[in-house]
Amino acid sequence: MKLLAIAIPLLVAATAHAQAPGELTPTAYGPGAGPSAVAPCVYASDAIPVMANRWAVGMSVGSLSIAPKDSPDDKTQFGIGQLSLRYRATYHLDVEVAVGGGQQQLDDGSQGDLDVSTALLGVRYRFAAAQKWNWWLGAGIGGIAVTRHDATDQEKKDANRPMGAVSIGVEHR
């Protein structure tokens, strides 16, 4: 009886086929086989080699609003630019160093008397790392300083405060 239990799977086993690395068929089941509605196959040329280029330089522009803790409705608005250097540590995780700064934007559209400067050490988690379009979540810690345009280096150093950041973004590669 035990011999029969071992022999039956061997007699009914199907033939297995393999493909060479990089050799892809247009559908998941091969031409003319399987269900009629088959999800499209991702070809090797469509995927981006994520770990091939581990270093990246990023530039971004945006705005930043800050307010005193005691009066959160008294916001100061800044137009800022940021330069970042990122390293792809793992398939999905980037480590980032970023510096940025900008000028105060008044309600009438003119520039005010204040400058802001930031420095940040952060991480990004990329959800679709190998796709041309991917989105990410990020977090970081660093420092921020708000000073007058004509502030000395010592005044900028004295104005430095700790900062935390949370971010979300979409990119095309």
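Here, residues in each chain are numbered from 1, in the same order as that chain's written sequence. Local features are withheld for residues below a pLDDT of 70 in this predicted model, meaning they are given only at 70 or higher, and side-chain atom pairs are given and counted only at 80 or more; totals for whole chains, interfaces and linings count all residues. Remark: hydrogens and water are excluded; side-chain values derive from all non-hydrogen atoms of the structure.

For two strands to pair, DSSP has to find at least two bridges joining them. Helical segments are the DSSP runs of H or I of at least four residues, strand segments are the runs of E of at least two, and each set is numbered from the N terminus. Inspection of the sheet shows strand S3 (residues 93-105) paired to strand S4 (residues 111-126) by 12 bridges, in the antiparallel sense. Residue Gln-103 lies in a different strand from S4, and its bridge partner there is Asp-115. The hairpin formed by S3 and S4 contains five residues between the paired strands, and Gly-109 there has a positive phi angle of roughly 95°. Sheet analysis places S4 next to strand S5 (residues 133-148), joined by 13 bridges and oriented antiparallel.

Moving on, we get to the packing of aromatic side chains. Centres within 6.5 Å make a pair out of two Phe, Tyr or Trp rings, where for Trp the six-membered ring is used; the pair is then stacked when the planes are under 30 degrees apart, edge-to-face when over 60, and tilted otherwise. With the rule as written, the count across this model stands at three aromatic pairs. A centroid spacing of 4.8 Å and a plane angle of 50° characterise the contact between Trp-55 and Tyr-87, whose relative ring orientation is tilted. Note that Trp-55 is positioned in strand S1 (residues 55-66) and Tyr-87 in strand S2 (residues 76-88), a separation of 32 residues in sequence. Note on exposure labels: buried denotes an accessible area under 20% of the residue type's maximum, exposed denotes more than 50%, and partly exposed covers the range between, all computed with a 1.4 Å probe on protein chains only. Residue classification places Trp-55 among the exposed positions, given a relative accessible area of 58%. With centroids separated by 4.0 Å and ring planes inclined at 10°, the aromatic side chains of Phe-127 and Trp-135 adopt a geometry described as stacked. Overall, the relative accessible area of 36% leaves Phe-127 in the partly exposed class.

Right, let's talk about the pattern of salt bridges for a bit. The working definition used for a salt bridge is a side-chain nitrogen of Lys or Arg within 4 Å of a carboxyl oxygen of Asp or Glu. Enumeration over the complete set of coordinates arrives at seven salt bridges. Between Arg-88 and Asp-94 there is a salt bridge whose closest N-O contact spans 2.7 Å. With respect to class, Arg-88 is no different from Asp-94; both count as buried. Arg-126 is the partner of Asp-94 in a salt bridge, and the nearest nitrogen-oxygen pair spans 2.6 Å. With Asp-94 in strand S3 and Arg-126 in strand S4, this residue pair connects regions lying 32 residues apart in the sequence. Salt bridges here are not isolated pairs; linked through shared partners, they connect Arg-88, Asp-94, Arg-126 and Glu-171.

Strand order across the open sheet formed by six strands is S1-S2-S3-S4-S5-S6, with antiparallel pairing between neighbours. Whereas interior strands pair on both sides, the edge strands pair on one side only; in this sheet they are S1 and strand S6 (161-172). The average undirected angle you get between the axes of adjacent strands in this sheet is 25°. To get an axis, a line is fitted to the C-alpha atoms, and for a helix only the part in contact is used. The angle between two axes follows their N-to-C directions and goes from 0 to 180 degrees.

Think of pLDDT as the predictor's per-residue confidence, scored from 0 to 100. Here the chain shows a mean pLDDT of 80. Residues at 70 or above account for 73%. Two residues form a contact once any of their heavy atoms are found within 4.5 Å. pLDDT under 50 marks residues 3-18. Its contacts with residues more than four places away, or in other chains, come to zero contacts.

With that settled, consider the side chain of Gln-104. Here Gln-104 lies in strand S3. With residues near it in sequence (within four places) discarded, Gln-104 still touches Thr-76, Gln-77, Phe-78, Ser-110, Gln-111, Gly-112, Asp-113 and Leu-114.

On to the environment of Asn-53. One can find Asn-53 in the loop between helix H1 (2-12) and S1. Between the C-alpha atom of Asn-53 and that of Arg-88, which follows or precedes it by 35 residues, the distance is 8.0 Å.

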